[in-house]
Amino acid sequence: MERDSVKDQADSYVTDDGRTIGPTVMEMKNITLRFGGVEAIKDISFDIREGEIRAIIGPNGAGKSSMLNVISGFYVPQEGEVWYKGAQRPPMKPYQVAQQGIARTFQNIALFEGMSVLDNVMTGRLTQMKSGLLAQSLWKGKAEREEVENREIAEKVIDFLEIQAIRKTPVARLPYGLKKRVELARALAAEPTILLLDEPMAGMNVEEKEDMSRFILDVNDEFGTTIALIEHDMGVVMDLSDRVVVMDYGRKIGDGSPHDVRNNQEVIDAYLGVAHD
Amino acid sequence: DLVFPSLSYRTGPYAAGGIPFADGYADYFTLLNERDGGIGGETIRVPECETAYNTEKGVECYESTKGEGALVYQPLSTGITYQLIPKVTADDIPMLTSGLGRTSAKNGNVFSHVFNFPANYWDGASVAIKHIMEQEGGSLEGKKIALVYHNSAYGKEPIRTLQELSEKHGFELKEVPVDHPGQEQKSQWLQIRRDKPDYVIMYGWGVMNQVAVQEAANIRFPMDKFIGIWWSGSENDVLSAGAKADGYKALTFHNVGSDYPLYDDLKKHVIDTGKTAGAGDQVGTVLYNRGIYAAMLVAEAARTAQEIHGVTDITGGQMRDGMEQLEITEEKMAALGLPDFGPEFSVSCDNHGGEGFVAVTQWDAEAKEWNLVSDFMQSDQDVIQPLIDEDSKAYADENAIEGNC
Amino acid sequence: MPEQLAFTIEVFMNGLMAGVLYALVALGFVLIYKASGIFNYAQGVMALFAALTLVGIMEGQVPFSHLINAILGTEVHHFGWHVPAFLAIVLTMVVMIVLAYCVQRFVFRYLVGQEPIILFMATIGLAYFLEGVGDLMWGSEIKTLDVGLPQGINVWIDEFTFDATGYGFFIDNLDIVASIVAAILVIGLVMFAQYTKQGRAMRAVADDHQAALSVGVSLNFIWILVWSLAGFVALVAGIMWGAKSGVQFSLSLIALKALPVLMLGGFTSIPGAIVGGLIIGVGEKLFEFLIGAPFLGGATENWFAYMLALVFLVFRPQGLFGEKIIERV
Amino acid sequence: MLDAANTNDVAVENLLEVNNIEVIYNHVILVLKGVSLNVPKGGITALLGGNGAGKTTTLKAISGLLASERGEVTKGSIKYRNSPIQHQDPAETVKKGVVQVMEGRHCFEHLTIEENLLTGAYTRADGNAAIQRDLEMVYDYFPRLKERRRSQAGYTSGGEQQMCAIGRALMSRPETILLDEPSMGLAPQLVEQIFEIVKSVNEKEGVTFLLAEQNTNVALRFAHYGYILESGRVVMDGPAKDLRENQDVKEFYLGMSDEGRKSFRDVRSYRRRKRWLS
Amino acid sequence: MFYREAGDFNTSYAQDQQTFPIKFDRYRYYLVLFVAIFVIPFMVNDYWVNSLFLPFLIYAIAAIGLNILVGYCGQVSLGTGGFMAVGAYACYKLMTAMPDVSMFIHILLAGVITAAVGALFGLPSLRIKGFYLAVATLAAQFFLVWLFNRVPWFYNYSASGQISAPERDTFGILITGPNTDAWATYMFCLIFTVGSALVARNLTRGSVGRKWMAIRDMDIAAEIIGVNPLRAKLTAFAVSSFFIGISGALFFSIYLGAVEVGEAFGIQKSFLVLFMIIIGGLGSIFGSFAGAAFLVLLPVLLKIVGVDWLGWPTDIVAHLQLVIVGGLIIIFLIAEPHGLAQLWRVAKEKLRLWPFPH
Ligand SMILES: Nc1ncnc2c1ncn2[C@@H]1O[C@H](COP(=O)(O)OP(=O)(O)OP(=O)(O)O)[C@@H](O)[C@H]1O
Ligand SMILES: Nc1ncnc2c1ncn2[C@@H]1O[C@H](COP(=O)(O)OP(=O)(O)OP(=O)(O)O)[C@@H](O)[C@H]1O
Ligand SMILES: [Mg+2]
Ligand SMILES: [Mg+2]
């Protein structure tokens, strides 16, 4: 097992579309997660490679979000290991995971409703801001400098996602789609190594999904950010992702290129209903 | 005119105690105005200010009334007293804290502007013991006495005195604190039921009194062995326990009831003319009488001041002098229509507290009235005076006071 | 029986009884919190108000007499009649229902869907308001409340235990009555919340008032209902506590005794209020008896109750019986 | 019931008429700027449009839930069976037969699934037996709910909660259901399933639906008539079939170009690219 | 109208991040400060200072402190009275132990000590949330008051258990005790109030402030995006207690001069300060001032109107005062649930749009 992952890391991988993606950055090994009697995840292993877009799909309640929660350290699996950048990750608090460069968005928007868009995006920079309490209370020296530097990065992300106009608006007033975009901005502001997206396009219409797809692809292209993505819109999944994991009631029932997965009978039965066009 | 601000509390947790006092205080001055045209020809004004027994409001009241030419303050709350001690001294206005406040203010040498005649908390403690000793035929050797007290500065006042006295007389003292507000005293009274003290002394205030009397009745503690300080000895404190409170005792530094010539005048000039301060339904209650008494002391002090300074429109400083030379005699009281209403005493530069005469009253639940059951007795000055000297010296040192006498 | 043990048992039992009295107050909080997520700061003042009204009605006091007299210069105080306790309780209950209606109609109707802290704030305003109105209406003198409840040591238990163990236990008659009343109240309220349509609607409103609205539950009605119930509980608490200490301002402070109970039992659980009350009652009394009074100088009950609750909370952040806080992302 | 294709030909009774309404939140934020629509009895009417177009607001204006969000209908009228309902208490509206299934499910987290469903029957006065019968009916439509009837709704998965919310609405025996984004966050198979159920409830029970959806594709397959809302105004309406064929709708709402479905990888990439690189 | 941001450009991020990015606001702020420093001290007498300005300034500091905890970090606390007592007793011990050190230092040190105590009592906040936490902080309240009442060391073994502030000065100007000048105590408190407001403002607009607000708005999400919740909460408790400690120290030494812990720092105080920030506006420094002003000034105002102008009996006025304050709180909440600060904000927004309604 261990030798395998060493080997994998050295490898690069060529997708169906002919994109070359890098070695494994994160590997989940035999994860099992239980809530009382409910087994939300049953012995699942899969890997995420550097620079790829990895989709996770499956019916409702399959355990997809729970898997992301395991990755971000919010749920602690009863069994299994998480390997990150070639080493086994010790037990960690979620904020420590975030500091390691893993950022995410949430299925049910988890923005900070009492703050403006800009402040929300700036919270993405928190892991990088280190000035002390005293310096901040006087707003001098490092504190002020740091604030401006990070503001510049945040503004870049804001420009990138085209939300300049609502910079100062309190997020509570935004419509759903924009909130999702702000959430993405907050995650991007952290300049993560791995970006976890939990249904970024739920509740959007096609036009907005197109926009969001573009953003995701650009993030992947421009920054080389590795992305793990949960999505129910098969069109999006098929078009964007390099590899797909399929879960069903906590089990893994498929893993491979979008094309393979789409034609997997078990996946069709459990999830797609009809073979997707 | 003469201005005697009344810092009253007709609202808040202690309203029940504040209302009758404030009524009595105001009614007495109304009487003087109506009947005699004031004091020495000067009419009296009593601006009332509501403190709700709250120190901050007390300060606000003080600041807002002192500009009107206030002559004397009676803050009626130990907390407010402590705030005002330095302020009145700086502003040259005297303050009277009969039976409350800072006990060591008796030392006029240190506390030039504070008066606490005719009696203070330590006098109360001492007389309570004296009374118990009388009941027990002169000796307290081997007896057990419990002190149930409001767990605050006020309630803790008698502890030192009682400790000294317990050493002196050989009784065992048991301290039983009750936290504010004192609505639940089960564990305190179970403790008392178990320890079976021979007597219980109480320094309570507000709802704590009512609950304590009730609980004492519940455990069938003999009521005549339960003695409260004067702030635990009004009608309010016993009425809610009904018949079971019969026999409960309390200390006092003035007499009870309304059987005095003054009350006839009051009825004629104030009550019947509808000039009463409150609803007029408190006349003759213990705290109303205390208000009358306090007003009387102030009025007499003002009269004294007018005499020694030869002016009628006196200032605060002159009022202070009047208080310092006040002498209350039986003739004076009789002339005022209050014969035998309180102890005789005189004030001097080093003694701002009188002689410390205190009497015991007892509650008659059937007649719903308090009766005096002892003479006015003097407290044990041998014990108290050293304590006063010690405490006032500490204050003098802290505040670099040299002495006025 | 060794003395110390006998005393300890006695303290324990009295702790239970005291706990019941705390629970009576806590119940009112639970009802309103459960149905609307409102932490009702005014619950203590409501108990005071109910008790004042009860006494006022029984004595035939003229409401607002001070104000009337001050403005009109009249001298009215009493109607001159006395109302029997039972009738007065019914009338007081009517007043409490009117109060519930007004609270809903003039305050909370406009605050639907606000954050908990804002609703909490509104109850603070309400507390001020009610306190002022109560004083204006009935005056702030201390009043004796006598609806004929027995009080004082229960002689039968005293004698029985004395015969059995050589030590007569002290149990207050009022506490026994309170326990019976509390038991009936709790059973009644639990049945109501769990098994009736209105009870279910009440819990639904607590969870998600918008969704409750969307299925046709009338928030107005449910809230008037719970505020009335809370008013009733306040009245009961007011009677019990008023019998101990007379009716006066301090009655509103009994709320402080209910808070640790609430916290320990869980804000949303009716049985929790009782169990919490018992634990707090016993805990604080035993601590005071065994440790507080002998070693710490006494008067430890206030803070100990809170500390005890705090320790429980660290292990169960939603209280013993509170609904589990659902934390998902 | 009605045939999806033929609605425009048949003159039908309008149950619900929304007439030129304007909605303001918090006294300052103008959201609906004159929306009118008609919901025919027995039909499925779809309300389409992008984020923030005002679909939810429209539904809430109808059901009366706006008031609890500090929103207000300031102009226009909403009539149900020809009597105005815009300022009514939501409970009254439910009694008249209009229930809303809210966006984002909104189950009662601490109640069990069954208690959730029973709460749906709050306004009914036709006795326990009838309610039990309808409970069985709901379990027939959603067998999954029957399995989870004793679990707290807060711990069920998104799909189950959606079923619970629809089932709960059915329990009040409504004449009209306002359904807000039923497909959001559901797996494709389940979306299909839910819409099938909507269709069969519509056909079997005769319940009228007004349906707000982002998923234009599915919505137009199942609806009879559609309105398209954009920033607080109706920009287009017509029978579902016509809308499906409309060029603009195809491009913007169905994601089709002339050559069929576009790939998400290709769309408008040039535009973003240009901007990003500049 | 006057209130426009148009034409008011910021050309750097630093400029955009300043406290009052809009010019009009900035000038108004300078004006207020000017009046507070150069006009009021020359006009006040004892009454104004002791009954209005000192309580207002001191409560404003406490309100700022509590607002950091409740309004910015979302941790509801009812321990304010207890923490103020810590500040007061720390100040008392320092004053009496080191009579020659400037009061300035004592007050700051009292703040630091309170911060430490506050952080300690903040520990349970990691697990306990919402109203449960609020009630839990009462444990601190009751315990601290009991402690100061119980242990004679804290009150230097005085007979009554009260503490009273001896005369002390700073830079040679007397600021405690009875012989102070009104302007001196006023200025002393003003310095602390303005300083506190500035520091609070700086903290809340920087990264610490964002951590707090993130925790407030959604603590789980905050933790997942990289905020250490314990650290954030404890700093909030510490910073908040620092301010509250300062206000407690000032309250005791400058304003009251003598204090009995149970009464001056009882639970009523905790509630009072909480009311201030809720009425003023949670998460707003301006709101802290507005709330403090409301609850300090309104009762005095009502009293003046009722007793001095209308000549009504004091008790009726006091009761009516309760009714009016209670009624006003409710009316304000209905008009604007987010406090006076929000009322002000909405007013500004309307002004900006004026004369158009939307
Ligand atoms: N904190 C929790 N406590 C108990 N059960 C939980 C918890 N979180 C998730 N579950 C259960 O675990 C299972 C998987 O949930 P999860 O949210 O991961 O599903 P999902 O695949 O993301 O579904 P969806 O597409 O609907 O979001 C569900 O049955 C859910 O009820
Ligand atoms: N409570 C509110 N206060 C202020 N503005 C609001 C409120 N609710 C919604 N809005 C605003 O009203 C507009 C319309 O919102 P609405 O929720 O009706 O859109 P929608 O069409 O349902 O969008 P979505 O598809 O995202 O659900 C949005 O711009 C939103 O920001
Ligand atoms: Mg999920
Ligand atoms: Mg919507």
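All values derive from a computational prediction rather than experimental measurement.

(A) Quick look at the arrangement of the chains. Pairwise contact counts over the eight pairs of chains in contact peak for chains C and E. Taking C-alpha atoms only, the smallest gap left between chain A and chain B, which are not in contact, amounts to 32 Å. In this structure chain B stays clear of chain D, and the shortest span between their C-alpha atoms is 36 Å.

(B) Spatial organisation of the environment of Glu13(D). Residue position: Glu13(D) is located in the segment before β1 (14-25). Setting aside anything within four residues of it in sequence, one finds Glu13(D) in contact with Val39(D), Pro40(D), Lys41(D) and Arg81(D).

(C) Broad picture of the UniProt feature "transmembrane region" (unreviewed entry) in chain C. Residues and elements named next belong to chain C. Within this structure's numbering, the places UniProt gives as "transmembrane region" (unreviewed entry) are residues 12-33, 45-64, 84-103, 110-130, 176-196, 217-241, 261-282 and 289-315. For the annotated span residues 217-241, helix accounts for 92% and strand for 0% of the residues, and the straight-line distance between the end C-alpha atoms is 36 Å. Counted over residues 261-282, helix gives 82% and strand 0%. Its end C-alpha atoms are 12 Å apart.

(D) Spotlight on the interface of chain C and chain E. The interface of chain C with chain E comprises 57 residues on the first partner and 42 residues on the second. Contact between chain C and chain E buries roughly 4500 Å² in total, counting both sides, with carbon and sulfur atoms accounting for 81%. Across the chain C-chain E interface, the total number found is nine residue pairs in polar contact (both at pLDDT 80 or more). Per-element tally for the side of chain C that touches chain E: the top contributor is helix α5 (residues 116-138) of chain C, with 16 residues. When grouped by side-chain class, the residues that make up the side of chain C that touches chain E number 38 nonpolar, 13 polar and six charged.

(E) Spotlight on the coordination of the magnesium ion (ligand 4). Residue and element names in this part refer to chain D. In this structure, Thr56 (OG1) and Glu103 (OE) serve as the protein donors to the magnesium ion (ligand 4), at separations of 1.8 to 2.5 Å. With Thr56 in helix α1 (residues 55-63) and Glu103 in the loop between β6 (98-101) and α3 (113-120), this residue pair connects regions lying 47 residues apart in the sequence. The buried category is assigned to Thr56, whose relative accessible area is 17%. On the basis of relative accessible area, Glu103 is assigned to the partly exposed category, the value being 25%.

(F) Just the nonpolar core, in detail. Met26(A), Phe108(C), Trp227(C), Trp212(E) and Leu250(E) are the most contacted members of the largest nonpolar core, which totals 278 residues. Aside from chain neighbours lying at most four places away, what touches Trp227(C) is Ile32(C), Ile38(C), Asn40(C), Met46(C), Ala100(C), Val103(C), Phe108(C), Thr123(C) and Leu126(C). Membership of the second largest hydrophobic core comes to 85 residues, among which are Tyr25(B), Ile129(B), Leu251(B) and Ile292(B).

(G) Expanded view of the pattern of salt bridges. Evaluated as defined, the whole model comprises 72 salt bridges over all chains. Between Arg34(A) and Glu79(A) there is a salt bridge; the shortest N-O distance is 3.4 Å. Taken together, the residues Arg34(A) in strand β3 (residues 24-35) and Glu79(A) in strand β6 (residues 79-84) connect sequence positions 45 residues apart. Overall, Arg34(A) belongs to the partly exposed group, its relative accessible area being 29%. Salt-bridge contacts for Glu13(D) lead to Arg81(D); the nearest nitrogen and oxygen are separated by 3.9 Å. Taken together, the residues span a long stretch of sequence, with Glu13(D) in the segment before β1 and Arg81(D) in the loop between β4 (71-80) and β5 (83-84) at a distance of 68 residues. What makes Glu13(D) partly exposed here is its relative accessible area of 44%. Within this structure, Glu184(B), Lys186(B), Glu215(B), Asp172(C), Asp175(C), Lys244(C), Lys257(C), Glu284(C), Lys285(C) and Glu301(C) form a network of salt bridges that share partners.

Conventions we followed
Position numbers for residues start from 1 in each chain and track the written sequence from start to end. Chain A is the first chain written and ligand 1 is the first ligand written, with later ones labelled in order. Only residues with pLDDT of at least 70 get local features here, since the model is predicted, and only at 80 or more are side-chain atom pairs given and counted; chain-wide, interface and lining totals rely on the full set of residues. Heavy atoms throughout the structure, all of them, feed into the side-chain values; hydrogens and water do not. What makes two residues a contact is simply this: any of their non-hydrogen atoms within 4.5 Å. Elements are defined by DSSP. Helices are runs of H or I of four residues or more, strands are runs of E of two residues or more, and each kind is numbered from the N terminus. UniProt positions are given in the numbering used here, feature names are shortened, and annotations may be inferred rather than shown by experiment. Once two parts are joined, some of their accessible surface, as seen by a 1.4 Å probe, is lost; buried area is that loss totalled over both. Polar contact is defined as a pair of N or O atoms within 3.5 Å, subject to the rule that within protein one atom must be able to donate a hydrogen and the other to accept it, and that residues adjacent in sequence are counted only when both atoms are side-chain atoms. Here the term charged refers only to Asp, Glu, Lys and Arg, the term nonpolar to Ala, Val, Leu, Ile, Met, Phe, Trp, Tyr, Cys and Pro, and the term polar to all other amino acids, Gly among them. With water omitted from the atoms examined, metal sites may look incomplete; donors here are N, O and S atoms no farther than 2.8 Å from the metal, or 3.2 Å in the case of Na, K and Ca. When accessible area is computed with a 1.4 Å probe and restricted to protein chains, residues below 20% of their type maximum are described as buried, those above 50% as exposed, and intermediate ones as partly exposed. Only buried residues count toward a nonpolar core, which is a set of Ala, Val, Leu, Ile, Met, Phe, Trp, Tyr and Cys residues joined through side-chain atoms within 4.5 Å. Criterion for a salt bridge: a side-chain nitrogen of Lys or Arg within 4 Å of a carboxyl oxygen of Asp or Glu.

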